[in-house]
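Survey of secondary and tertiary structure
Residue-level listing of the chains:
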Amino acid sequence: MAQRLNVVIESHKQMKAKFIFKQGLLLLLLLASIRLAGQQNEGFSLFEKVNLITDRSFYISGEQVWFKAWVSSFTKNDLPPSGILYIEIISPDGKSISRVKSLIENSQANGFVEIPDDVITGTYYVRAYTKYMRNAGPESFACVGIRIVNPQRKDFLSGSDTMAFQAMGEVPAVDGKLLVINHYKQSFQPNEKVDVSVVSAVSQKMHLHELCISVVPDWTSSTAVVSSSNRKPQPETEVFFPEIRGLTISGKLMDLSTETVVRNSRVNLSIIGPGRDFMSRFTDSAGRFSFALPAYTGYRDLFIGAEKSDLANQAILVDNDFCAMPVRLPEPEFRLSPDERKLAIKLAANARLNRIFKNESSAIQAQADTSAAAFYGTPTDVLKFEDYIQLPTLEEYFNELPGLVKVRKRNGQKYFKVIGDQPEMLVFDPLVLVDWVAVDDPEKILAAAPTDILRIEVVNLPYVKGDLTFGGIISIISKKGDFAGVDLPSSGIFLNYLFLQERYTNGNRLIAQEGIPDARNTIYWNPALVLNHDGSANFSFITPETPGKYAIVIKCLTDEGELFSDKLTIEVKPGNGN
């Protein structure tokens, strides 16, 4: 039966920033009502929903699961939709084994999630959700069942359920043929080009704009869409806001001695290493903070710390970026028929060959990292320690050498002052960084050994970062990147944080390089084949070297939120050398 979305889709790309800010209070009240409704009414409406599909339903460990997701938003109250999608491979008991974050563009997201090499054979699920959807609990997430075989391991998931593998929510086939292969040819030789014409007589009626195409071994094709547990919706304890400006990291500042939140206190975030950056926010009345992060990719090191205060027992509690709520999904007994076992051996052999002769041209195209420069740009002055004779203390470098930074005293406490012409320099204290981490205790900094310092960069102009104004910047860079032995804020924590997945251009559409065997198990994957005005489109692919039956699978989502599919089977005959 067709899966329909009870949502209203509305575009807000042109919404002005000031209008978004005016909706802040409304959003807070709305989310609070969502949370209350989720606890009291098991049938409350979802405000965002995801339709998720994968290229196949059967994989070998170490392979990539290609996905396409459509994100629908309920915008009755003029709220902007989420911009980040979270994708995980989880076991039936909810344990995450692989995860990525993908940018949502034009209400869509696509990419791949890697299957670990050491995964245990069994049934798993690919699930997708926005951070905003976590207010409704994991039962609102899109979830697709897949099977994974690890040929290097003999153990497998127990499969406590006696049911056969069948993900709930089958996509209905459309009445009438959608796919036509030129000359109606259905059998091909290995490495033969296949030209496919996609003809849709119902594209205007069903408001189709683009299609998702995959070519895979026939028995691994799937029309499964959504599978969910039978538990009642149960939201998380925190309220999550839509990520409308990219990735966000949030949490709260606590006083552990009294077990109360710390309000109106500054929290600093530093991105260390490539992409180094600094941000600062004040906690709200609930002790919470939130940072909008740059659109970096891969893993990067973060340090989050609270400013110096009279509280000696502060702690920063960071929200999980992925949902950690417990779930229990069906765990069917893992079985392979004799024919499936033979085909699985072929897939495993292909996966092994593909890893040896990996087609680099079909890999994701990593973007160049242009974020090596400091966030404050070119410094006004740079003090290079190697240019001067060695002095016993860091304070002497500041006070004895000509420069823009001096150490002063105020109420018996030392502080830094950046010399500048603008009046703001007299009002605001400077931002002091040690290897890009904010340290607001001058005594700790001055205790560092000068022999551990490489250079000091200074900006002698007022600097505005977020809601804060600083009287210049003092950036101390150590020789070894070890903070020169300076004690960082005790409340601070280091995180190896996952940013966005690297964007790719060609997906899995290209053929193998000349002279290298094409051993891919997903022969062709195009998540966004655009239809012409007459409802037609064309694409081509090269048949694999492995004989067998292959399915050309098409999946679509209408403007009304209806997801459907169709497929056509072709056969690759053994070549002369087979």
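Note that the structure is predicted; figures quoted are calculated from it, not measured.

This part takes up the overall build of the protein. Scanning the protein for helices and strands turns up six helices and 33 strands. Looking at the protein as a whole, 53% of its 578 residues qualify as buried. Here the analysis covers contacts within the protein between residues at least 6 apart in sequence; of these, 75% occur between residues at least 24 apart. Carbon and sulfur atoms make up 50% of the accessible area of the protein, which amounts to about 27700 Å² in all.

Turning our eyes to something else, we now look at the packing of aromatic side chains. The geometry of an aromatic ring pair is captured by two quantities: the separation of the ring centres and the angle between the planes. For the structure shown, the criterion picks out 19 aromatic pairs. Judged by centre distance (4.0 Å) and plane angle (15°), the rings of tyrosine 129 and phenylalanine 141 are stacked. Taken together, the residues span a long stretch of sequence, with tyrosine 129 in strand β7 (residues 122–129) and phenylalanine 141 in the loop between β7 and β8 (142–149) at a distance of 12 residues. By relative accessible area, which is 0% here, tyrosine 129 ends up buried. Among the residues examined, phenylalanine 141 registers a relative accessible area of 4% and is labelled buried. Above the ring of tyrosine 296, the side-chain terminus of arginine 300 is found at 4.3 Å from the ring centroid. The ring of tyrosine 415 carries the charged tip of arginine 410 above its face, separated from the ring centre by 4.1 Å.

A few words now on the sheet that holds strand β24 (residues 437–438). For sheets, the rule is that strands pair by backbone hydrogen bonds, running either parallel or antiparallel. Ordered by their spatial adjacency, five strands build an open sheet running β20-β25-β28-β23-β24, and the pairing between neighbours is mixed. Each edge of the open sheet carries a strand with a single partner, namely β20 (381–384) and β24. Looking at chain direction, strand β25 (residues 453–459) and strand β28 (residues 473–478) are connected through six bridges and run antiparallel. Opposite isoleucine 456, over in β28, you have isoleucine 476 as the bridge partner.

Okay, the pattern of salt bridges next. When their charged atoms lie close together, side chains carrying opposite charge are able to pair. The full count for this structure, using the stated rule, is 20 salt bridges. Glutamate 63 is the partner of arginine 56 in a salt bridge, and the nearest nitrogen-oxygen pair spans 3.2 Å. Take arginine 56 and glutamate 63: they sit in the same class, and that class is buried. The salt bridge involving glutamate 331 is made with arginine 328; its shortest N-O contact spans 3.0 Å. Each of the salt bridges in this network shares a partner with another, and the network as a whole consists of Asp55, Arg56 and Glu63.

Between the first and last C-alpha of helix α3 (residues 338–356) there are 28 Å, a value that for 19 residues agrees with the 27 Å anticipated at 1.5 Å per step. Among the residues making up α3, those that are buried are Ala344, Leu347, Ala348, Asn350 and Ala351. On an axial view of α3, the arc spanned by its buried residues comes to 165°, and they lie on one face. Those residues of α3 that are exposed and angled more than 90 degrees off the buried face are Pro338, Asp339, Lys342, Ile345, Arg352 and Ile356. Its buried side turned inward, α3 meets β2 (58–60) and β12 (210–217).

This next bit is on the nonpolar core. The biggest cluster of nonpolar side chains holds 52 residues, and the ones touching the most others in it are Val50, Leu52, Leu85, Leu269 and Leu293. For this core, the leading source of residues is strand β4 (residues 84–90), giving five residues. The contact partners of leucine 85, leaving out residues within four places of it in the chain, are Val50, Ala69, Val71, Val100, Lys101, Ser102, Ile104, Ala109, Ala128, Tyr129 and Thr130.

As for its placement among the helices and strands, aspartate 319 is situated in the loop between β19 (314–318) and α3. For aspartate 319, the side chain forms a polar contact with the side chain of arginine 288, separated by 2.4 Å.

Bringing a nonpolar patch on the surface into the picture now. Side chains of Leu426, Val427 and Phe428 sit close together on the surface and give an oily, nonpolar patch of about 330 Å² of accessible area. Note on placement: valine 427 falls in helix α5 (residues 424–427).

This part is about the confidence of the model for the protein. Per-chain confidence: the protein averages 80 in pLDDT, with 76% of residues scoring 70 or above. Least confident of the elements in the protein is helix α1 (residues 17–22), whose mean pLDDT is 34; most confident is β4, at 97. Low pLDDT, under 50, characterises residues 172–176; the stretch is placed with 10 contacts to residues that sit more than four places away or in other chains. Note on residues 225–232: pLDDT under 50 across the span, and 26 contacts to partners over four residues away in sequence or across chains.

The antiparallel open sheet is built from three strands, whose spatial order is β1-β3-β6. The outermost strands of the open sheet, each flanked by one partner alone, are β1 (48–54) and β6 (108–114). On average, adjacent strands in this sheet sit at an angle of 25° to one another, irrespective of strand direction.

Within the fold, serine 102 resides in strand β5 (residues 96–103). Aside from chain neighbours lying at most four places away, what touches serine 102 is Phe67, Gly83, Ile84, Leu85, Ile87, Ala109, Asn110 and Leu500.

This paragraph deals with unusual backbone geometry. In this model, glutamate 259 sits at a positive phi of 55°, which is unusual for a non-glycine residue. Looking at where glutamate 259 falls in the secondary structure, it is placed in the loop between β13 (248–255) and β14 (260–261). Judged by its relative accessible area of 67%, glutamate 259 is exposed. In the Ramachandran plot, phenylalanine 483 falls in the positive-phi region, its phi being about 65° despite a non-glycine side chain. Counting through the fold element by element, phenylalanine 483 comes out in the loop between β28 and β29 (493–498). A relative accessible area of 12% means that phenylalanine 483 is categorised as buried.

The rules behind these values
Residues numbered from 1 in each chain as written. Predicted model: local features only at pLDDT ≥ 70, side-chain atom pairs only at ≥ 80, totals over all residues. Heavy atoms only, no water. Helix = DSSP H or I, 4+ residues; strand = E, 2+ residues; numbered from the N terminus. Buried < 20%, exposed > 50% of the residue type's maximum accessible area, 1.4 Å probe, protein only. Contact = heavy atoms within 4.5 Å. Areas by Shrake-Rupley, 256 points an atom, 1.4 Å probe, with all protein chains shown as cover. Phe/Tyr/Trp six-rings, centres within 6.5 Å; stacked < 30°, edge-to-face > 60°. Lys NZ or Arg CZ within 6 Å of the ring centre and 35° of its normal. Pairing = 2+ DSSP bridges. Salt bridge = Lys/Arg side-chain N within 4 Å of Asp/Glu carboxyl O. Expected span 1.5 Å × (residues − 1). Arc of directions from axis to C-beta. Core = buried A, V, L, I, M, F, W, Y, C linked by side-chain atoms within 4.5 Å. Polar contact = N/O pair within 3.5 Å; in protein donor to acceptor, adjacent residues only side chain to side chain. Patch = residues over 30% accessible without salt bridge, like charges linked within 9 Å, V, L, I, M, F, W, Y side chains within 5 Å. pLDDT = per-residue confidence, 0-100. Axes fitted to C-alpha atoms, helices over the stretch in contact; angles between N-to-C directions.

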